[in-house]
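Okay, here's what each chain looks like letter by letter:
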Amino acid sequence: MERSFPKGFLWGAAGSAHQTEGNNVASDLWALENRPGTFFADRSGDACDSYHRWPEDLDIVRELGLNSYRFSLEWARIEPAEGRFSNAALAHYRRVIEGCLERGLTPVVTLHHFTSPLWFQQDGGWLSGEAVGRFRRYVRAVLPILGGVEWVCTINEPNLLAMMANLMRDKERTEGVAGAMPPPDQRTAEALAAAHLAAREELAGLRSGWTIASQNFEAAEGAVAERDAWARPREDQFLEVAKDDDFVGVQAYTRVIIGKDGALPVPDEARRTLTGWEFHPAALGDAVRYTAARLPGVPILVTENGIATARDAERVEYTRGALAGLHEAMAEGADVRGYLHWSLLDNYEWGSYEPTFGLVSVDRETFQRTLKPSARWLGEIARSGRLD
Ligand code: BGC
């Protein structure tokens with residue numbers, strides 16, 4: 001069966017600043033990674049050195065036949081000390097944006113992808129009464145470099161951030177899939193929502209939205225009410241915030257089954273990926289349906305979807321299934337504007353370089369990029385607009 005995607009559909013790949021740039025030394029996560037006795041297996045260190053090698057990354061995206069690239073601006077570089085903005089960092093990101101435009105790539109720019117400046121975190125983070133004003137001031141500072149950018153993601157996965165806030169307080173480490181975590185810290189969730197809306201005010205005139213970690217909560221036998229109660233704080237409340245947005249980002253990888261007493265572990269016999277998540281390509285189509293049903297009239301951009309695997313053929317298998325599901329959801333009426341694969345590079349997976357999501361591998365010593373067959377496969381789909 002042949003499936004066609006609409007003209008003008010965005011086909012791209014994604015990454016984020018902390019995961020690709022390297023030496024993000026003024027950020028909260030850098031401090032955590034480098035403190036004595038850190039629980040992180042790997043430090044981000046030089047990451048993929050994309051702070052210097054971004055032209056090469058953009059060339060790869062273009063040569064593959066993709067037409068879009070998602071990346072994030074690093075607040076900690078732009079405002080390394082409170083109220084002190086770095087013109088050099090702003091000029092750097094302006095060059096990256098222009099680099100996209102010159103290559104005919106549509107930039108999708110995220111303003112906050114998990115990391116914050118250390119000073120911000122040390123002074124109360126999102127729970128400080130100043131947080132929303134601080135974020136607004138940062139957004140104002142980046143506004144002048146966003147000329148020509150059509151898609152701006154304010155905050156990446158606020159639901160995951162708020163769940164992490166809760167988890168970090170007790171255990172200082174995370175395990176498993178986001179959707180199985182304790183509920184979000186509600187004050188953090190509300191601060192993030194307020195920060196998002198403040199950012200949207202500043203960004204008036206640009207297309208802005210936030211990107212949600214779509215968890216595909218499925219009810220075990222007889223547990224529909226429990227599933228709904230589980231989904232409300234972890235996903236639905238964040239979707240509701242997006243009801244007047246210009247778009248919403250769907251980021252789907254897997255599903256989580258909810259029983260009478262909460263999230264069930266992935267069954268022993270299930271096929272898993274390198275992150276331990278269930279191999280479940282249907283996650284994407286289901287997440288798009290779920291989101292479209294809750295946000296009628298809000299266009300969807302798939303801002304992340306992919307798989308951590310050491311076997312590249314498995315990446316193709318997963319992505320083929322995900323795209324088939326996406327096409328089906330679109331045929332049923334979901335208004336989806338593009339698909340951005342996570343990730344372009346084998347980048348820093350928040351504590352480890354082991355789970356490789358990339359279409360492109362990166363030598364950890366020389367930073368040499370090598371295309372995997374999946375990269376060319378996705379590029380061909382992007383060029384033809386068809387999934388065979
Ligand atoms: C995040 C990415 C992350 C990916 C895979 C999303 O939660 O936005 O930064 O690498 O999933 O875990």
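Residues numbered from 1 in each chain as written. Predicted model: local features only at pLDDT ≥ 70, side-chain atom pairs only at ≥ 80, totals over all residues. Heavy atoms only, no water.

Within an unreviewed UniProt entry, the label attached to the protein chain reads Beta-glucosidase, and the organism entered is Nonomuraea dietziae. We quote the UniProt Sequence similarities (unreviewed entry) comment for the protein chain here in full: "Belongs to the glycosyl hydrolase 1 family." (UniProt positions renumbered as here; feature names shortened; annotations may be inferred.)

> Would you mind showing me how to read the layout of surface pockets here?
The gaps of empty space that remain are located by a probe, the size of a water molecule, rolled over the atoms. Taken as a whole, the second largest pocket encloses approximately 240 Å³ of empty space. Lining the second largest pocket are 17 residues; nearest its centre among them are Val-177, Arg-255, Leu-264, Pro-265 and Val-266. Of the residues in the lining of the second largest pocket, the class split is 10 nonpolar, 4 polar and 3 charged. (1 Å grid on protein atoms, 1.4 Å probe; cavity = no way out; pocket = protein on both sides within 12 Å on 5 of 7 lines; lining within 4 Å. Points joined across faces, edges and corners; volume = space filled by probe spheres on them. Nonpolar A, V, L, I, M, F, W, Y, C, P; charged D, E, K, R; others polar.)

> Is there a simple way to explain the packing of helix H9 (residues 186–202) against helix H10 (residues 224–241) in this structure?
Helix-helix packing is described using two parameters, namely the angle between the two axes and the distance between the axes. Direction vectors running N to C along H9 and H10 enclose 20°, while the axes themselves pass 10 Å from each other. Here H9 lies roughly parallel to H10, going by the angle between them. As for how H9 packs across H10, the hand of that crossing is right-handed. Where H9 approaches H10, its residues Gln-186, Ala-189, Ala-193, His-196 and Leu-197 are matched on the opposing element by Gln-237, Phe-238 and Val-241. Grouping the amino acids of the contact of H9 with H10 by side-chain chemistry returns 5 nonpolar, 3 polar and no charged. (Axes fitted to C-alpha atoms, helices over the stretch in contact; angles between N-to-C directions. Helix = DSSP H or I, 4+ residues; strand = E, 2+ residues; numbered from the N terminus. Parallel < 35°, antiparallel > 145°, perpendicular 65-115°, else oblique. Left-handed = near helix turned anticlockwise from the far one by under 90°. Contact = heavy atoms within 4.5 Å.)

> Which parts of the structure should I look at to understand the pairing of strand E6 (residues 207–214)?
Walk down a regular strand and you will see the side chains alternate between the two sheet faces. Of all 8 residues making up E6, 7 are buried, and the element is well covered by its neighbours. The sheet contact formed by strand E5 (residues 151–156) and E6 spans 4 bridges and is parallel. When the bridges of E6 are listed, Cys-153 appears paired with Gly-209. Taken together, the 4 bridges between E6 and strand E8 (residues 248–252) define a ladder with parallel strand orientation. From the neighbouring strand, Ile-212 faces E8, where its bridge partner is Val-250. (Buried < 20%, exposed > 50% of the residue type's maximum accessible area, 1.4 Å probe, protein only. Pairing = 2+ DSSP bridges.)

> Can you walk me through the side chain of Arg-3 in this structure?
Within the secondary structure, Arg-3 sits in strand E1 (residues 3–4). One buried charge, Arg-3, has no salt-bridge partner; the nearest side chain with opposite charge is Glu-328, at 5.8 Å. If we skip the residues at most four places from it in the chain, Arg-3 touches Ala-324, His-327, Gly-385, Arg-386 and Leu-387. (Lys, Arg positive; Asp, Glu negative; His and termini not counted. Salt bridge = Lys/Arg side-chain N within 4 Å of Asp/Glu carboxyl O.)

> In this structure, what is going on with empty space enclosed by the protein? I would like to understand it.
Across all of its chains, the model carries 2 cavities of 30 Å³ or more by this definition. As a volume, the largest cavity reaches approximately 110 Å³. Lining the largest cavity we find 14 residues, and of these Thr-20, Glu-21, Ser-50, Tyr-69 and Phe-71 sit closest to its centre. Of all elements in the fold, only helix H1 (17–20), helix H3 (50–64), strand E3 (68–72) and helix H5 (87–102) reach the threshold of two or more residues within the lining of the largest cavity.

> Please clarify how the environment of Arg-187 should be interpreted in this entry.
Mapped onto the fold, Arg-187 is located in helix H9. A residue is classified by how much of its surface remains accessible, and Arg-187, at 55% relative accessible area, is exposed. Spatially, the C-alpha atoms of Arg-187 and Ala-219 are 27 Å apart, while their sequence positions differ by 32 residues.

> Whenever I open this one, the site of the ligand confuses me. Can you help?
Around the ligand lies a shell of 13 residues, among which Gln-19, His-113, Glu-157, Glu-304 and Glu-349 are the nearest. The contact in question runs from an oxygen atom of the ligand to an N or O atom on the side chain of His-113, over 2.8 Å. A distance of 2.7 Å separates an oxygen atom of the ligand from a polar side-chain atom of Glu-304. Relative to its unbound accessible surface of 310 Å², the ligand loses 94% to contact with the protein. Looking at the shell around the ligand residue by residue, the classes come out as 6 nonpolar, 4 polar and 3 charged. (Near = heavy atom within 4 Å. Polar contact = N/O pair within 3.5 Å; in protein donor to acceptor, adjacent residues only side chain to side chain. Areas by Shrake-Rupley, 256 points an atom, 1.4 Å probe, with all protein chains shown as cover.)

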